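# Structural overview for review
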Amino acid sequence: MHLMELPREVLLGENLTGEVLNVARRLRLGRRALVLYGPKTMKIAGKDVEESLSEEFDVKGVTIKGASMEEVEKTMKLASDFNADWMVAVGGGSIIDVAKLSAYRLGIPFISFPTTASHDGIASANASIKDLGAKTSVKARPPIAVIADVEIIKTAPYRYLAAGVGDIISNLTAVKDWQLAHRIKGEYYSEYAASLSLMSAKMVIKNADIIRLGNEESVRKVVKGLISSGVAMSIAGSSRPASGAEHLFSHALDMLLEKPALHGEQVGVGTIIMAYLHGLKWERVKETLKKVGAPTNAYGLGIEPEVVIKALTIAHTIRPERYTILGRDGLTWEAAEKAAKITGVI
Ligand SMILES: NC(=O)C1=CN([C@@H]2O[C@H](COP(=O)(O)OP(=O)(O)OC[C@H]3O[C@@H](n4cnc5c(N)ncnc54)[C@H](OP(=O)(O)O)[C@@H]3O)[C@@H](O)[C@H]2O)C=CC1
Ligand SMILES: O=C(CO)COP(=O)(O)O
Ligand SMILES: [Zn+2]
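Residues numbered from 1 in each chain as written. Chains lettered and ligands numbered in written order. Predicted model: local features only at pLDDT ≥ 70, side-chain atom pairs only at ≥ 80, totals over all residues. Heavy atoms only, no water.

## Regarding the side chain of Ser 243
The cut-off we apply is this: A run of H or I in DSSP counts as a helix once it spans at least four residues, and a run of E counts as a strand once it spans at least two, with each numbered from the N terminus. Each residue's exposure class comes from its accessible area (1.4 Å probe, protein chains only) as a fraction of the maximum for that residue type: buried when under 20%, exposed when over 50%, partly exposed otherwise. Residue contacts follow a heavy-atom distance rule, with two residues in contact if any of their heavy atoms lie within 4.5 Å.
Within the secondary structure layout, Ser 243 lies in the loop between α10 (216–236) and α11 (245–256). Here Ser 243 falls in the buried class, since its relative accessible area comes to 5%. If near-sequence neighbours (up to four positions away) are discounted, Ser 243 is found in contact with Ala 174, Arg 319 and Arg 322.

## A short note on the pairing of strand β4 (residues 86–91)
As a general feature of sheets, a regular strand has side chains that alternate between the two faces. What counts here: If DSSP finds at least two bridges between two strands, the strands pair. Looking down the strands as they point away from you, a crossover is right-handed if its path from the first strand over the helix to the second goes clockwise.
With 6 of 6 residues buried, β4 lies mostly within the body of the structure. Every second residue of β4 is oriented toward a common face, with Trp 86, Val 88 and Val 90 on one face and Met 87, Ala 89 and Gly 91 on the other, all of them buried. Note: strand β2 (residues 32–37) against β4, 5 bridges, orientation parallel. The partner of Tyr 37 across the bridge, within β4, is Val 90. Looking at chain direction, β4 and strand β5 (residues 110–114) are connected through 5 bridges and run parallel. Within β5, the position partnered with Ala 89 by the bridge is Ser 112. In the classification by handedness, the crossover that spans β4, the intervening helix α4 (residues 93–106) and the parallel β5 is right-handed.

## Re the packing of helix α7 (residues 171–185) against helix α12 (residues 263–278)
The packing of two helices is summarised by the inter-axis angle and the distance between the axes. The criterion, for reference: Here, axes are lines fitted to C-alpha atoms. For helices the fit covers the stretch in contact, and angles between N-to-C directions go from 0 to 180 degrees. Convention used here: angles under 35 degrees read as roughly parallel, angles over 145 as roughly antiparallel, angles from 65 to 115 as roughly perpendicular, and any remaining angle as oblique. A crossing counts as left-handed when the near helix is turned anticlockwise from the far one by less than a right angle, and as right-handed when that turn is clockwise. Residue polarity is assigned by list, with Asp, Glu, Lys and Arg as charged and Ala, Val, Leu, Ile, Met, Phe, Trp, Tyr, Cys and Pro as nonpolar; anything else, Gly included, falls into the polar class.
Where α7 contacts α12, the two axes come as close as 9 Å, and the packing angle between them is 40 degrees. Taken together, the axis directions place α7 and α12 in an arrangement best described as oblique. Helix-helix and strand crossings are classified by hand; for α7 and α12 the assignment is left-handed. Residues Thr 173, Lys 176, Asp 177 and Leu 180 of α7 form the contact with α12, whose own contacting residues are Thr 271, Met 274, Ala 275 and His 278. Of the residues that constitute the contact of α7 with α12, the class distribution is 3 nonpolar, 3 polar and 2 charged.

## Here's the deal with the site of ligand 2
Inclusion rule: Neighbouring residues are identified by heavy atoms, a residue being near a molecule or strand if any of them is within 4 Å of it. Think of a polar contact as two N or O atoms within 3.5 Å of one another; within protein, one of them needs to be a possible hydrogen donor and the other a possible acceptor, and neighboring residues in sequence only count if both atoms come from side chains. In short, Shrake-Rupley with a 1.4 Å probe defines the accessible areas, and a residue's cover is counted only from the protein chains shown. In this document the domain limits rely on a domain assignment from an automatic tool or a database.
Near ligand 2 there are 14 residues, and of these Asp 120, Ser 137, Ser 239, Ser 243 and Arg 319 occur at the shortest range. Asp 120 is positioned with one of its side-chain polar atoms (N or O) 2.6 Å from an oxygen atom of ligand 2. One nitrogen or oxygen atom from the side chain of His 251 is found 2.7 Å from an oxygen atom belonging to ligand 2. Summarising the interface, the protein chains cover 96% of the accessible area of ligand 2, which totals 300 Å² for the free molecule. Elements with a contribution of two residues or more to the shell around ligand 2: β6 (126–128) and α11. The class makeup of the residues in the shell around ligand 2 is 2 nonpolar, 9 polar and 3 charged. Counting only domains with at least three residues in the shell around ligand 2, you end up with domain 1 (9–155) and domain 2 (161–343).

## Re the UniProt feature "binding site: NAD(+)" (unreviewed entry) in the chain
Using the following cut-off: UniProt positions are given in the numbering used here, feature names are shortened, and annotations may be inferred rather than shown by experiment.
UniProt tags Gly 93, Ser 94, Ile 95, Ile 96, Asp 97, Thr 115, Thr 116, Ala 117, Ser 118 and Ser 124 as "binding site: NAD(+)" (unreviewed entry). Topologically, Ile 95 is positioned in helix α4. One can find Ala 117 in the loop between β5 and β6. Filtering out sequence-adjacent residues up to four positions away, Ala 117 remains in contact with Ile 153, Tyr 160, Leu 161, Gly 164, Val 222, Val 223 and Leu 226.

## Here we look at the coordination of the zinc ion (ligand 3)
To keep it simple, the criterion reads: Donor criterion used throughout: N, O or S atom within 2.8 Å of the metal, extended to 3.2 Å for Na, K and Ca. Water excluded; incomplete-looking sites may result.
For the zinc ion (ligand 3), the protein coordination sphere consists of Asp 167 (OD), His 247 (NE2) and His 263 (NE2), at 2.1 Å. Mapping the donors of the zinc ion (ligand 3) onto the primary sequence gives the spacing D-x79-H-x15-H. Here the residue Asp 167 occupies a position in helix α6 (residues 158–169), and His 263 occupies one in helix α12, the gap between them amounting to 96 residues. On the basis of relative accessible area, Asp 167 is assigned to the buried category, the value being 1%.

Encoded structure:
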């Protein structure tokens, strides 16, 4: 049996901090709610959500600092002590992932309230948490509802929206890797999930000129692509349709660097290189990223060229069961350097 779990409600609009209350009412989520936010997102929207909910629910706010197992365990303890019926995560990918894994392990629902359009974990069923080996995603459950307030998301620095484009365009090489694994390893492949994932990538390529404006329409386009990407992952039952070798490259950078760039920025640059290795039109990926103002090289990521090469040579070791264009042996230093130079990444 193949179980596909999807969000029950997706709200996209303006002035939605008060809507969490209505969604919780409609979905009969229970009286006691834990509100998760980060130090910044608390001020951006977290406190507003908390205050609005407290009109009708018993509410407890929790500040989360990064997506680590320590924060997941802290959240689970707080939720148990408080007897929470559900959670709402107000923030970037890290806060949403902490809520996703904690809620899954406690068997309670959670609402995703993204404050950036920088990653496709907004609606996905998998959570990326540090300390669970390399920071690749593990199975959890998707949010019961997604509430995306375009005005709040628009207030985030433009860099985050451009990073979202990187996370969506990566679907091009992720799907290629998936097809390769299907042919070479007989891995399960869902044409439906792959098509949905590719559609999001093609939409950002087509709409790059609108996205670069950074207005509400841009945010809507990127958020829809991110949600579709998350749904594609839920249909596939794994992050396969949205995570291939370009993500392994980003995970490798996360391991090598104390201060990595944004997830979507790194996978965007990884997509240029993996598209080259796949024999795809890598120039088109690069043009799109350039057009929307996302980094297209090591300099733009603020990373030394040697670290880029090193990441390319170790990427295949991170999730060996996920076959990609990097093969079982990975790239040699020379091959990695050549690919990075030809594509102008270094
Ligand atoms: N589960 C999945 O399927 C996926 C998960 N991911 C994961 O998501 C994470 C990346 O998410 P990302 O959002 O890029 O990074 P973070 O969640 O780490 O957020 C980065 C920073 O942005 C701040 N921030 C959030 N919203 C705003 C805003 N509106 N204005 C100003 N600052 C804001 C955060 O504040 P604060 O300090 O308050 O938190 C934080 O300091 C990674 O851990 C990645 O692995 C990525 C893709 C898919
Ligand atoms: O970032 C993701 C999809 O965009 C999740 O991928 P991982 O499973 O590689 O963490
Ligand atoms: Zn990603």
